[in-house]
Amino acid sequence: MADLGTNFVGIRSPNPFWLASAPPTDKEYNVVRAFKAGWGGVVWKTLGEDPPIVNVSSRYGAATYNGTRVAGFNNIELITDRPLEVNLREIKQVKRDWPDRAVVVSLMVPCTEEAWKNILAQVEDTQCDGIELNFGCPHGMSERGMGSAVGQVPEYVEMVTRWCKQNTRMPVIVKLTPNITNILGPARAARRGGADAVSLINTIQSVMSIDLDAMAPTPTVDGKGTHGGYCGPAVKPIALRMVGDIARDPECRGMAISGIGGVSTWRDAAEFMALGAGTVQVCTAAMHHGFRIVEDMADGLSNWMDGKGYATARDFQGAAVPNYVHWEDLNLNYKIVAQIDQDLCIQCGKCHIVCEDTSHQSIAAVRTEGGRRRYDVIEAECVGCNLCMHVCPVEDCITMVEIDEGKPDLTWKDHPNNPMRREAAE
């Protein structure tokens, strides 16, 4: 059976699934209930200075798409609204009771060295495993000069990271904001500041929807609304791209990554790990399905690894990074065409309609002698765009087949249409 055990910058956990923004309570800590369900670690909901911040009552919004609930999720919640001393006491107790689980504490304080030194000393006393610097929160806290207001300025990221590395023995993970043009700026800054790892992505600035009766953004607070942070399954492609950008960057090579953004299944986790992540953090999926979702994620990942022959996560971690390339490195002579399995086809005509109206008119609608509709690919016109395969409602009815035209590999760097091609440059 595959070993899911993880050693992430010296932080050990029985599996790579960490509950993000883990919410403690004054009864049986939710963190303890999460550990009992099987989570390998938690990242404690972000701590700040006293007095604690104040959260609003109406704080969550969600996108339903084609009947799928919580396809995307929006929140205007801030960091913990519980006293610092209460959180610190609970962290210490939880780590004492669960020594085999990862307990990482998220932090956000004003951008002064003294403020960071003060809270670091208090957190280190809990014997937690590490800290995560929350440079990502895109609402509420950023207006106060914290969160993404720091994460969007690489110089600030480097400065605060260096303060923390100089004032604690704990591993320092820097949580990055996606609300920036190029994720490599703050990632490289974190590396220069001495960060042990980065985690990404935090939530994306968004307005969830407009209540057309109240004429206000949702979630609505007494008739008004504000922008919040977007997360959930819909943001996973954005998160994968940013994780991959860091993993393949020469200046960031070797820096540990904790992947965040839409992780809801074992497959999501495996994809992040294949792009270089050592752990994955999950929040929205737990809010949607409860803590026990981790059972399916851990079992699924383990079964998949067994089937592939991977003994540990390190056997496939980062395996996709060499194949994540820039567009100019793709083979322009590679060709695929669509192939329709007529036995599976239900003659809905979706492939023909979308190809005719929005693609290359390469799927013909014909009538058989018996009067049945039939859809045939015109291979000479098909450019292999994949659109028909994606819109077809029948799994595996349309597949893409490679056509070997006997041409050598050719990238844009050498293409004759490229005025800056290597041959011309020479």
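Residues numbered from 1 in each chain as written. Predicted model: local features only at pLDDT ≥ 70, side-chain atom pairs only at ≥ 80, totals over all residues. Heavy atoms only, no water.

**A short note on the overall build of the protein**
Of regular secondary structure, the protein possesses 13 helices and 20 strands. For the protein, the residues scored as buried account for 50% of the 426 residues in total. Looking at the protein alone, contacts between residues at least 24 apart form 71% of all its contacts between residues at least 6 apart. Charge-centre separation for the protein: the mean point of 41 positive side chains lies 4 Å from the mean point of 53 negative side chains. (Helix = DSSP H or I, 4+ residues; strand = E, 2+ residues; numbered from the N terminus. Buried < 20%, exposed > 50% of the residue type's maximum accessible area, 1.4 Å probe, protein only. Contact = heavy atoms within 4.5 Å. Lys, Arg positive; Asp, Glu negative; His and termini not counted. Charge placed at Lys NZ, Arg CZ, Asp CG, Glu CD.)

**A few points about empty space enclosed by the protein**
Under the definition given, this model contains 4 cavities of 30 Å³ or more. Empty space within the largest cavity amounts to approximately 100 Å³. Its boundaries defined by the atoms lining it, the second largest cavity holds a volume of some 70 Å³. Along its surface, the second largest cavity is lined by C345, I346, Q347, C348, G349, K350, C351, Y375, C392, P393, C397 and I398. The residue makeup of the lining of the second largest cavity, split by class, is 9 nonpolar, 2 polar and 1 charged. (1 Å grid on protein atoms, 1.4 Å probe; cavity = no way out; pocket = protein on both sides within 12 Å on 5 of 7 lines; lining within 4 Å. Points joined across faces, edges and corners; volume = space filled by probe spheres on them. Nonpolar A, V, L, I, M, F, W, Y, C, P; charged D, E, K, R; others polar.)

**Comments concerning the layout of surface pockets**
Estimates place the volume of the second largest pocket at around 420 Å³. Lining the second largest pocket are 23 residues, and of these A256, G276, G278, R314 and Q317 sit closest to its centre. Put simply, the parts of the chain that give the lining of the second largest pocket at least two residues each are strand 1 (6–8), helix 7 (236–248) and strand 15 (256–260). Tallying contributions element by element places strand 1 first for the lining of the second largest pocket, with 3 residues. Residue composition of the lining of the second largest pocket, grouped by class: 11 nonpolar, 9 polar and 3 charged.

**Considering the state of the cysteines**
Under the counting rule described, the total for this entry stands at 0 disulfides. Not part of a disulfide, C164 finds its nearest cysteine sulfur in C111, a span of 9.7 Å. Free cysteine: C397, not disulfide-bonded; nearest cysteine sulfur from C392 at 4.2 Å. (Disulfide = S-S within 2.5 Å.)

**Notes on the sheet that holds strand 7 (residues 102–107)**
On the basis of which strands lie adjacent, the closed barrel formed by 8 strands has the order 3-4-7-8-9-10-15-16 and parallel pairing. Each strand of the sheet is rotated relative to its neighbour by a mean of 25°, with strand direction disregarded. (Pairing = 2+ DSSP bridges. Axes fitted to C-alpha atoms, helices over the stretch in contact; angles between N-to-C directions.)

The analysis is restricted to geometry; functional conclusions fall outside its scope.
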